[in-house]
Every structure is written in structure tokens, then in C-alpha cells.
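Geometric and topological summary
Listed below are the residues making up each chain.
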Amino acid sequence: QVQLVESGGGLVQAGGSLRLSCAASGRTFSNYYAMAWFRQALGKEREFVATINWSHAVHYGDSVKGRFTISRDNAKNTVYLQMNNLQSDDTAVYYCAARIPNPPLATMAAKYDYWGQGTQVTVSS
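Starting afresh in each chain, residues are numbered from 1 along the sequence in its written order. In keeping with the predicted nature of the model, local features appear solely for residues at pLDDT of at least 70, side-chain atom pairs appear and are counted solely at 80 or more, and the whole-chain, interface and lining totals rest on all residues. Excluding hydrogens and water, the side-chain figures rest on all heavy atoms present in the structure.

1. Focus: the nonpolar core
Going by this rule: Throughout, nonpolar core names a set of buried Ala, Val, Leu, Ile, Met, Phe, Trp, Tyr and Cys residues whose side chains join them through atoms within 4.5 Å. Relative accessible area decides the class of each residue, using a 1.4 Å probe on protein chains only: under 20% of the type maximum gives buried, over 50% gives exposed, and in between gives partly exposed.
Residues Leu4, Met35, Trp37, Leu81, Met83 and Tyr94 are the most contacted members of the largest nonpolar core, which totals 29 residues. Counting residues in each nonpolar core, the second largest holds 6 residues, with Ala36, Ala97, Ala106 and Tyr112 among its members.

Structure below.
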């Protein structure tokens, strides 16, 4: 099993920044797992935000390109999401997700095997 624990959410003013962290653990977790961030705003479907695979290849959703950066520290089994220039539309619960390495990049939530409990990000305008 794999456990994912997110942290770093909170309340921020529009134009501000936050960094989310996701710590992975568990007997079967491997640094070869691909990691991702999704978000879900109230009343909306879960939306892909960013993903990073074992070789640090990354892919972003269109709405966050140029503002968000995903990274990972394999020594700490942790993935990060640096969020800059936050806007009210970024308000959502942010979820960390993990899956086996193939395919190398995936943006569909159904492709992910493990999920964290989520962390709330609220951007005030």
C-alpha cells in the first residue's frame, strides 16, 4: 500500500504564492512511481493540474502553465507544487496522486492508483 499526505494549503490573497507538499510512504512505494496534483473546486469535476514522472519529465494543465511548478525530491519521497500568481479560480481542494510508471505521463484521474486526503487552497480576491 501507498500513503500520501498533503500539506501546505491555506488562505492567500490573489497574486500570492503557496507551496504544497505531498509525502509518500508505504511498503510498495517506489521512486519510479509517477506523481501528480489534481484539484477539485466546489461543484466541479476533478481537474488535472500537473504531473512528474520518475525521470522528472513534467506536464501541466493549460490553466496553470507558467504559474505552477511541480518537482520531486526522491530522497525524501516528496513531491511539491509551487503555485505563483494565484487567482480566485485556483480555489479548490488539491489532491496528490501516485501511480505505476507506465504510461510515462497521464492526465486522467482514473489512471492514478493512490490518492491523498486533499488540502484546501483558498484565494481571496
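2. Digging into the pairing of strand E7 (residues 68-73)
For the record, the criterion: Secondary structure elements are defined from DSSP: runs of H or I of at least 4 residues count as helices, runs of E of at least 2 residues count as strands, and each element is numbered from the N terminus. In this description, strands pair whenever DSSP reports at least two bridges between them.
Residues Phe68, Ile70 and Arg72 of E7 are buried on one face, while the alternating residues Thr69, Ser71 and Asp73, pointing to the opposite face, are not. When E7 meets strand E8 (residues 78-83), the two strands line up antiparallel, connected through 6 bridges. Within the sheet, the bridge partner assigned to arginine 72 lies in E8 and is valine 79. Following E7, the chain reverses through 4 residues before pairing antiparallel with E8; asparagine 77 in that reversal takes a positive phi of roughly 50°.

3. A short note on the state of the cysteines
Note the following rule: Cysteine sulfur atoms that come within 2.5 Å of each other are treated as a disulfide pair.
As enumerated under the stated definition, the model contains 1 disulfide in all. With a sulfur-sulfur separation of 2.1 Å, cysteine 22 is cross-linked through a disulfide to cysteine 96. On the sign convention where negative is left-handed, the bridge of cysteine 22 and cysteine 96, at about -80° about the S-S bond, is left-handed. Of this pair, cysteine 22 sits in strand E3 (residues 18-25) while cysteine 96 sits in strand E9 (residues 92-99); the two residues are 74 residues apart in sequence, bridging distant segments of the chain. The burial state of cysteine 22 is the same as that of cysteine 96; both residues are buried.

4. Things to note about the pattern of salt bridges
Selection rule: Each reported salt bridge corresponds to a side-chain nitrogen of Lys or Arg within 4 Å of a carboxyl oxygen of Asp or Glu.
Enumeration according to the criterion identifies 4 salt bridges in this entry. Ionic pairing is found between glutamate 47 and arginine 39, a salt bridge with its closest N-O pair at 2.8 Å. A salt bridge links arginine 39 to aspartate 90; the nearest nitrogen and oxygen atoms lie 2.8 Å apart. Of this pair, arginine 39 sits in strand E4 (residues 34-40) while aspartate 90 sits in the loop between E8 and E9, and the two are 51 residues apart along the sequence. Side by side, arginine 39 and aspartate 90 carry an identical accessibility label, which is buried. Ionic contacts of the salt-bridge type, sharing partners, join the residues Arg39, Glu47, Arg67 and Asp90 into one network.

5. Overview of the sheet that holds E3
Short version of the rule: Between the N-to-C directions of two axes lies an angle of 0 to 180 degrees, each axis being a line fitted to C-alpha atoms and, for a helix, fitted only over the stretch in contact.
Strand order in the open sheet formed by 4 strands is E1-E3-E8-E7, with antiparallel pairing between adjacent strands. Either end of the sheet is taken by a strand with one partner, and the two such strands are strand E1 (3-7) and E7. If you compare each strand with its neighbour and ignore which way they point, the axes differ by 15° on average. By the bridge criterion, 5 bridges tie E1 to E3 in an arrangement that is antiparallel. The partner of serine 7 across the bridge, within E3, is serine 21.

6. Considering the side chain of arginine 99
For clarity, the threshold we go by: The charge count includes Lys and Arg as positive and Asp and Glu as negative, but it does not include His or the ends of the chains. For the purposes of these results, a polar contact is taken to be a pair of N or O atoms within 3.5 Å, where, inside protein, one atom must be able to donate a hydrogen and its partner to accept one; residues adjacent in sequence count only when each atom of the pair is a side-chain atom. Here, residues are in contact when the closest pair of their heavy atoms is within 4.5 Å.
Its location among the elements puts arginine 99 in strand E9. Buried charge arginine 99 goes without a salt bridge, the closest partner of opposite sign being aspartate 113 at 7.0 Å. One polar contact links the side chain of arginine 99 to the main-chain carbonyl oxygen of proline 103, over a distance of 2.6 Å. Dropping the residues within four chain positions of it, arginine 99 is found in contact with Tyr33, Ala34, Pro104, Leu105, Ala106, Lys111, Tyr112 and Asp113.

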